[in-house]
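Fold and geometry: a report
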Number of protein chains: 2
Amino acid sequence: MSALTVGVDLGGTNTRAGLVTDTGEIVARFRCPTRPDLGSDRVISGIATCVRQVIREAGGAEVRGVGVGAPGPLDPFNGVIISPENMPCMHGVRLKDRLESSLEMPVAVDNDANLAAFGEQWQGAGRKAPHFLCVTLGTGVGGGWVCNGELMHGFNGNAAEVGHITIDWNGPRCPCGNRGCLELYVSATAMVRRTRERMENESPRTVLTADGLTTRAIFEAAEAGDAFARAMFEETGTLLGIGLVSLVSVTNVEVVALCGGLARAGERLFAPVRRTFKERGTVGVKERVQILAGTLGDDAGILGAAKLAIGA
Amino acid sequence: MSALTVGVDLGGTNTRAGLVTDTGEIVARFRCPTRPDLGSDRVISGIATCVRQVIREAGGAEVRGVGVGAPGPLDPFNGVIISPENMPCMHGVRLKDRLESSLEMPVAVDNDANLAAFGEQWQGAGRKAPHFLCVTLGTGVGGGWVCNGELMHGFNGNAAEVGHITIDWNGPRCPCGNRGCLELYVSATAMVRRTRERMENESPRTVLTADGLTTRAIFEAAEAGDAFARAMFEETGTLLGIGLVSLVSVTNVEVVALCGGLARAGERLFAPVRRTFKERGTVGVKERVQILAGTLGDDAGILGAAKLAIGA
């Protein structure tokens, strides 16, 4: 059996740990509810419990370390949580130090979007691409970027904030302080909001109802032939393609993976993304860039965290 | 005396070489006119002549290699020129191989914008910043980017194409095929074009005349109190600041240097750039990023090319 590490994905709802081989196989798993409402000690002891549970499955084999993906913003160099919106109890917590004391083994911490990218680059959509960008479409638009096989951080850990590039400098204000950010147009949340606004303002003919609207409902309507729902996917995909052109102009990655629930819409989303990228991308680059769906789902974060521990 | 390398800047008008110490001092220089109209053999022999001339000044000390900055697009991994607009004779030329045969020493080739950035990071505005972006405002908007002290290339040498990020997805068509590229708003050429267009369409009160308009004339009018000329600097600086927010969101560099003639406008340009960056940038990043003027002028390319040869 190859050497082992533990990868942890600290989410707002669940804390999930996996025991991972050096060849990227998850050989044991454990999860528990994350209870940020009960304070940081409880969140940290939850992580430690999950780690100990999966280590128990190692059958005495050496476990070299633990990687943890946590919500940002955080300081990956020191493993300190800064100010994640969904976990106020963790603000300022020195997670790496606290877990190392508790677990008595090396711990590395990075943000969840970075580690999902690192996981996809190691074992998923980017496994043949040393230059790889992962874009996660969820409540917001997160990103992680691997360059020459290395996870990119920049000077203070805020590289690949792909949701906050501007696609319309005169566009609406973003909570981040900028205007016209990509996230305002192509996150799952944004797609639902923009669909609802258009329903209210333009009263299109559609089977959709504004109440309880989800991207899944828009997808199902589009698949059933609803022209308005299809147009919303066209528009979202086009704007995402426009954002990817900018991102590739800076990063020059060879593979971009789209992850998150919205990416499961398949061709409905990918067709306009790829078409726009081909229309607008740089000659000599666009012909060689692949835009793919992430393949690992929720395991991406666990695998990326384990990979982080391997390299630490 | 420390070890020596030669840095060459192959421009459309002049070919310039410098003999450079490992501590970044240029101890000899030679230049000759570049004659792309006379074909690639002549361009290459011009480079070789400049290199031999400065090596003559080395007084017998060992010269370890030659770095050459050439106009892009090019393939920096193989040292092959692809298709620079201003040197049709060089399209497809294997510059590294040709020069190595001629000079009998190792040659490394990279694009001029990358090497200007590498030079500024080594000896100029970025010398204390391992994470550094250089933006050159000229006919177009070029860029080079150093991450953790290493020049970034991406998968096929097209990283840091900073002029072709979109700031208005609905904006005018760029020759690159994209729309609303930063370059269309903030290059020196674009500033002149946009100023002239506004004079024609809005007949503002100004001392400027459309004929023979230059950024220098706009600058001088602004300094003399011309409100229209000042407004054009305000607008150009604001749009450049908007572009820098996106670029820093991806790269997370700590220092951005602005180079090229337009950057010599000083506070007239930098004030709106910095104000916009502070207004729109990401909390936790914008407070720490410095936006500075390049300090090396034309020497940046020679020094960056020499640094490339040191590392090759």
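Calculation rules
- Residues numbered from 1 in each chain as written.
- Chains lettered and ligands numbered in written order.
- Predicted model: local features only at pLDDT ≥ 70, side-chain atom pairs only at ≥ 80, totals over all residues.
- Helix = DSSP H or I, 4+ residues; strand = E, 2+ residues; numbered from the N terminus.
- Rg over C-alpha atoms; globule rule 2.2 N^0.38 Å.
- Buried ≥ 20, exposed ≤ 12 C-beta atoms within 10 Å, placed from the backbone.
- Pairing = 2+ DSSP bridges.
- Axes fitted to C-alpha atoms, helices over the stretch in contact; angles between N-to-C directions.
- Contact = placed C-beta atoms within 7 Å.
- Nonpolar A, V, L, I, M, F, W, Y, C, P; charged D, E, K, R; others polar.
- Domains from an automatic or database assignment.
- Expected span 1.5 Å × (residues − 1).
- Arc of directions from axis to C-beta.
- pLDDT = per-residue confidence, 0-100.
- Parallel < 35°, antiparallel > 145°, perpendicular 65-115°, else oblique.
- Least-squares fit on C-alpha atoms with pLDDT ≥ 70 in both.
- Left-handed = near helix turned anticlockwise from the far one by under 90°.

Some remarks on the overall build of chain A
Looking only at helices and strands, one finds nine helices and 12 strands in chain A. The C-alpha radius of gyration of chain A comes to 20 Å, within 12% of the 20 Å expected for a compact globule of 312 residues. Structurally, chain A occupies a C-alpha span of about 60 × 45 × 35 Å along its principal axes. Across the 312 residues that make up chain A, the buried fraction comes to 56%.

As for the sheet that holds strand 1 (residues 4–10) of chain A
Residues and elements named next belong to chain A. On the basis of which strands lie adjacent, the open sheet formed by five strands has the order 3-2-1-4-7 and mixed pairing. What marks the edges here is a single partner per strand, and that holds for strand 3 (26–33) and strand 7 (107–111). Strand-to-strand twist across the sheet, computed as the mean angle between neighbouring axes with direction ignored, equals 20 degrees. Across the sheet, helix 1 (residues 40–56) lies against strand 1, strand 2 (14–21), strand 3 and strand 4 (63–70), angled at about 30 degrees from strand 2, the strand it touches most. The strands touched by helix 9 (residues 299–311) are strand 1, strand 2, strand 3, strand 4 and strand 7; relative to strand 1, the strand with the most contacts, the crossing angle is about 130 degrees.

Comments concerning the interface of chain B and chain A
Each partner contributes to the interface: chain B provides 39 residues, whereas chain A provides 39 residues. By residue number, the principal contributor to the side of chain B that touches chain A is helix 7 (residues 227–251) of chain B, which donates eight residues. Class assignment of the residues belonging to the side of chain B that touches chain A gives a composition of 18 nonpolar, 15 polar and six charged.

Topic: the domain arrangement of chain A
Residue and element names in this part refer to chain A. Along its sequence, chain A is organised into domain 1 (4–118 + 299–311) and domain 2 (129–293). The C-alpha-based centres of domain 1 and domain 2 are spaced at 28 Å. Taken together, the contact pairs 10 residues of domain 1 with 12 residues of domain 2. Of all the secondary-structure elements, those providing two or more residues to the side of domain 1 that touches domain 2 are strand 5 (74–75) and helix 3 (112–123). The element that contributes the greatest number of residues to the side of domain 1 that touches domain 2 is helix 3, accounting for five residues. By residue class, the composition of the side of domain 1 that touches domain 2 is eight nonpolar, one polar and one charged.

Regarding helix 1 (residues 40–56) of chain B
Residues and elements named next belong to chain B. Taking 1.5 Å per residue, 17 residues should reach 24 Å; helix 1 reaches 24 Å between its end C-alpha atoms and fits that length. Within helix 1 the residues assigned to the buried category are Val43, Gly46, Ile47, Cys50, Val51, Val54 and Ile55. End-on view of helix 1: buried residues confined to an arc of 165 degrees, all on one side of the axis. Those residues of helix 1 that are exposed and aimed more than 90 degrees away from the buried face are Asp41 and Arg56. Residues of helix 1 that are buried in the fold lie against strand 1 (4–10), strand 2 (14–21), strand 3 (26–33), strand 4 (63–70) and helix 2 (95–103).

Here we look at the confidence of the model for chain A
In low-pLDDT regions, the fine details of the predicted coordinates are not to be read closely. Considering every residue of chain A, the mean pLDDT works out to 96; 99% of them sit at 70 or more. Reported confidences for the modelled complex are a pTM of 0.96 and an ipTM of 0.96.

Side note on the packing of helix 3 of chain A against helix 9 of chain A
Residues and elements named next belong to chain A. For the pair helix 3 and helix 9, interaxial distance at closest approach is 6 Å and the crossing angle is 85 degrees. As far as their axial angle goes, helix 9 and helix 3 are roughly perpendicular. Residue-level inspection shows Asp112, Leu115, Ala116, Ala117, Phe118, Gly119, Glu120, Trp122 and Gln123 of helix 3 in contact with helix 9, the latter providing Asp299, Ala300, Gly301, Leu303, Gly304, Ala305, Lys307 and Leu308. Looking at the contact of helix 3 with helix 9 residue by residue, the classes come out as nine nonpolar, four polar and four charged.

A look at the pairing of strand 4 of chain B
All names here are of chain B. For strand 4, the tally of buried residues reaches six of eight residues, placing the bulk of the element in the interior. Across five bridges, strand 4 lies against strand 7 (residues 107–111) in parallel orientation. Paired with Gly67 across the strands is Ala108, a residue of strand 7.

Remarks on the relation of the copies chain B and chain A
You can overlay chain B on chain A at an RMSD of 0.0 Å; the transform is a turn of 180 degrees with a shift of 0.0 Å along its axis. Interpreted geometrically, this transformation is the action of a two-fold axis. Proximity to the rotation axis, assessed at the C-alpha, singles out Asp168(B) in chain B; its C-alpha lies 2.2 Å from the axis. A shared binding surface is used by both copies, with 100% of the interface residues of chain B retained as interface residues in chain A.

Re the environment of Ala48(B)
All names here are of chain B. Along the polypeptide, Ala48 turns up in helix 1. For Ala48, a count of 19 C-beta atoms within 10 Å translates into the label partly exposed. For the pair Ala48 and Arg275, spaced 227 residues apart in sequence, the C-alpha to C-alpha distance is 46 Å. The residues contacting Ala48, other than those within four sequence positions of it, are Leu99, Ser102 and Leu103.

A few points about the sheet that holds strand 1 of chain B
Residue and element names in this part refer to chain B. The strand order across the open sheet formed by five strands is 3-2-1-4-7, and the pairing between neighbours is mixed. Unpaired on one side and paired on the other, strand 3 and strand 7 mark the two borders of the sheet. Each neighbouring strand pair of the sheet contributes to a mean axis angle of 20 degrees, computed without reference to strand direction. Bridging between strand 2 and strand 3 involves seven bridges; their strand directions are antiparallel. Bridge assignment links Val20 to a residue of strand 3, and that residue is Ile26. The strands touched by helix 1 are strand 1, strand 2, strand 3 and strand 4; relative to strand 2, the strand with the most contacts, the crossing angle is about 30 degrees. Helix-sheet contacts for helix 2 involve strand 4 and strand 7, and the interaxial angle to strand 7 is about 150 degrees.

Considerations on the packing of helix 6 (residues 215–223) of chain B against helix 7 of chain B
Residue and element names in this part refer to chain B. At a minimum axis distance of 7 Å, the contact between helix 6 and helix 7 shows a crossing angle of 115 degrees. When the axes of helix 6 and helix 7 are compared, the crossing they make is left-handed. Judged by residue contacts, Ile218, Ala221 and Ala222 of helix 6 engage Ala229, Arg230, Met232 and Phe233 from helix 7. Of the residues that constitute the contact of helix 6 with helix 7, the class distribution is six nonpolar, no polar and one charged.

So, helix 3 of chain A
The α-helix winds at 3.6 residues per turn, so residues separated by three or four positions along the chain end up facing the same way. All names here are of chain A. Helix length check: helix 3 (12 residues) gives 16 Å between terminal C-alpha atoms against 16 Å at 1.5 Å per residue, within 8%. In terms of burial, helix 3 is a largely internal element, 12 of the 12 residues being buried. Three or more residues of helix 3 are buried, namely Asp112, Ala113, Asn114, Leu115, Ala116, Ala117, Phe118, Gly119, Glu120, Gln121, Trp122 and Gln123.

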